[in-house]
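Remarks on the overall topology
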Amino acid sequence: MLPLHPLTLNLHGQILIEASAGTGKTYTIALLFLRLLLEKGLSVDEILVVTFTKAATEELRGRIRQRIRNALDMLEERAGPDDPLLRDLLTQVVQKISRQKAGILLKDALTRMDEAAVRTIHSFCRRMLQEHAVESGAPFEMELIDSETVLRTRIIEDFWRQRFYPAGEAEAAWVQAQWQEPAALLAALGGHLEREDVQCLPKIDQEEQARLEDRRTAARTQLTKNQRIAAKLDVY
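Quantities reported herein were computed from a predicted structural model and do not represent experimental measurements.

Our focus in this paragraph is the side chain of Asp 83. Looking at the element boundaries, Asp 83 is found in the loop between helix 2 (54-75) and helix 3 (84-96). Arg 67 provides the closest opposite charge to the buried, unpaired Asp 83, separated from it by 4.2 Å. Side-chain polar atoms of Asp 83 contact the side chain of Tyr 27, separated by 2.8 Å. Beyond its immediate chain neighbours, meaning those up to four positions away, Asp 83 contacts Tyr 27, Arg 67 and Met 74.

This brings us to the nonpolar core. Ranked by internal contacts, the top residues of the largest apolar core, which has 30 residues, are Phe 33, Leu 34, Leu 37, Ile 64, Ile 68 and Leu 106. Of all the elements in the fold, those that place two or more residues in this core are helix 1 (25-38), helix 2, helix 3 and helix 4 (99-111). If we ignore the near neighbours within four places in the chain, the residues touching Leu 106 are Leu 34, Leu 38, Ile 68, Ala 71, Leu 72 and Leu 75.

Bringing the environment of Leu 89 into the picture now. Tracing the sequence through the fold places Leu 89 in helix 3. Classification of Leu 89 as buried rests on a relative accessible area of 0%. Distance from Leu 89 to Thr 8, taken between C-alpha atoms, is 9.7 Å for residues 81 residues apart in sequence. Filtering out sequence-adjacent residues up to four positions away, Leu 89 remains in contact with Leu 7, Leu 31, Leu 34, Arg 35 and Glu 39.

Moving on, we come to the packing of aromatic side chains. A ring pair, where both rings are aromatic, is described by two values, the distance of the centres and the angle of the planes. In this structure the tally under the stated criterion is four aromatic pairs. Taken together, a centroid distance of 5.1 Å and an interplanar angle of 80° make the contact between Trp 160 and Phe 164 edge-to-face. One end of the pair is Trp 160 and the other is Phe 164, both in helix 7 (residues 149-164) and four residues apart, which spans about a single turn. For Trp 160, a relative accessible area of 9% corresponds to the buried category. Taking the relative accessible area as the measure of exposure, Phe 164 reaches 11% and is therefore buried. A centroid spacing of 5.4 Å and a plane angle of 80° characterise the contact between Trp 174 and Trp 179, whose relative ring orientation is edge-to-face. You can call Trp 174 partly exposed: its relative accessible area is 45%. Chaining the aromatic ring pairs together yields one cluster made of Phe 159, Trp 160, Phe 164, Trp 174 and Trp 179.

Between its first and last C-alpha atoms helix 7 spans 22 Å; for 16 residues at 1.5 Å apiece the expected length is 22 Å, and the two agree. Listed in full, the buried residues belonging to helix 7 are Ile 156, Trp 160 and Phe 164. Around the axis of helix 7, the buried residues are gathered within 45° of arc, so they sit on the same side. Away from its buried face, by an angle of more than 90 degrees, helix 7 presents the exposed residues Arg 154, Ile 155 and Gln 162. Of the surrounding secondary structure, the elements contacted by the buried residues of helix 7 are helix 8 (169-178) and helix 9 (182-189).

Now for the pairing of strand 2 (residues 117-120). With burial as the criterion, each face of strand 2 is covered, one bearing Ala 117 and Arg 119 and the other bearing Val 118 and Thr 120. Note: strand 1 (residues 48-51) against strand 2, four bridges, orientation parallel. Pairing of Leu 48 across the sheet is with Ala 117, part of strand 2.

Two elements in contact, helix 2 and helix 3, have axes whose closest approach is 10 Å; the angle formed by their N-to-C orientations is 65°. In terms of crossing hand, the pair formed by helix 2 and helix 3 is right-handed. For the pair formed by helix 2 and helix 3, the contact residues are Arg 67, Asn 70, Ala 71, Met 74 and Leu 75 on the first element and Leu 86, Arg 87, Leu 90 and Val 94 on the second. In terms of residue class, the contact of helix 2 with helix 3 is built from six nonpolar, one polar and two charged.

Two elements in contact, helix 1 and helix 2, have axes separated by 9 Å at closest approach and are oriented at 55°. Between helix 1 and helix 2, the interaxial angle falls into the category oblique. Like other packed secondary-structure pairs, helix 1 and helix 2 cross with a definite hand, here right-handed. The segment helix 1 lies against helix 2, with Thr 26, Tyr 27, Ile 29, Ala 30, Leu 31, Phe 33, Leu 34 and Leu 37 engaging Leu 60, Arg 63, Ile 64, Arg 67, Ile 68 and Ala 71. Class assignment of the residues belonging to the contact of helix 1 with helix 2 gives a composition of 11 nonpolar, one polar and two charged.

Definitions and cut-offs
- Residues numbered from 1 in each chain as written.
- Predicted model: local features only at pLDDT ≥ 70, side-chain atom pairs only at ≥ 80, totals over all residues.
- Heavy atoms only, no water.
- Helix = DSSP H or I, 4+ residues; strand = E, 2+ residues; numbered from the N terminus.
- Buried < 20%, exposed > 50% of the residue type's maximum accessible area, 1.4 Å probe, protein only.
- Lys, Arg positive; Asp, Glu negative; His and termini not counted.
- Salt bridge = Lys/Arg side-chain N within 4 Å of Asp/Glu carboxyl O.
- Polar contact = N/O pair within 3.5 Å; in protein donor to acceptor, adjacent residues only side chain to side chain.
- Contact = heavy atoms within 4.5 Å.
- Core = buried A, V, L, I, M, F, W, Y, C linked by side-chain atoms within 4.5 Å.
- Phe/Tyr/Trp six-rings, centres within 6.5 Å; stacked < 30°, edge-to-face > 60°.
- Expected span 1.5 Å × (residues − 1).
- Arc of directions from axis to C-beta.
- Pairing = 2+ DSSP bridges.
- Axes fitted to C-alpha atoms, helices over the stretch in contact; angles between N-to-C directions.
- Left-handed = near helix turned anticlockwise from the far one by under 90°.
- Nonpolar A, V, L, I, M, F, W, Y, C, P; charged D, E, K, R; others polar.
- Parallel < 35°, antiparallel > 145°, perpendicular 65-115°, else oblique.

Here it is in structure tokens:
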């Protein structure tokens, strides 16, 4: 494993960086963002930064904006934080491009920071599927969920209604004594729903599985046709 130096890190290809908490990940990301702006001439909407939560995206966006402002202050010799790495970066940059051009790039980045592509994993995936719905075969109105909890609750409630509402008095009393409500049954199932060896009862035979697969393929084909027609209508 090699030590990381953000000013000499190659900006091409795929690089895996392993870091534990409190080691300066956000600081490094902001510095690499600056390098892409100044050394590669990319605009803020051409640099993708992906993190886990919405709160993290806002913090990261703010830290990147502040680092750009600090760089501009340092470049224009105004008061700013004492940051040796940032100073070294600007020294490297002004040897390759003029100080004036670097200032223009930083000011443009500050003005357009609201356009910066700092996203959560879910929001990035959602945007890509929406922008490339025809190519991916995904519905235009696809909804991505952050948690399966709501879906699992709906499924268990449907099962409860279909299985236990028509039940006899003895079975209903047993269910009431065991779980009382759908939420308790869902909690009792625990991690069993995520197990790969769980079997559905009654089992679906191969013929039924083939019929279901044919129906799914036909539905996908029809959906793709509808999307292409809708796309053509939008163009014309």
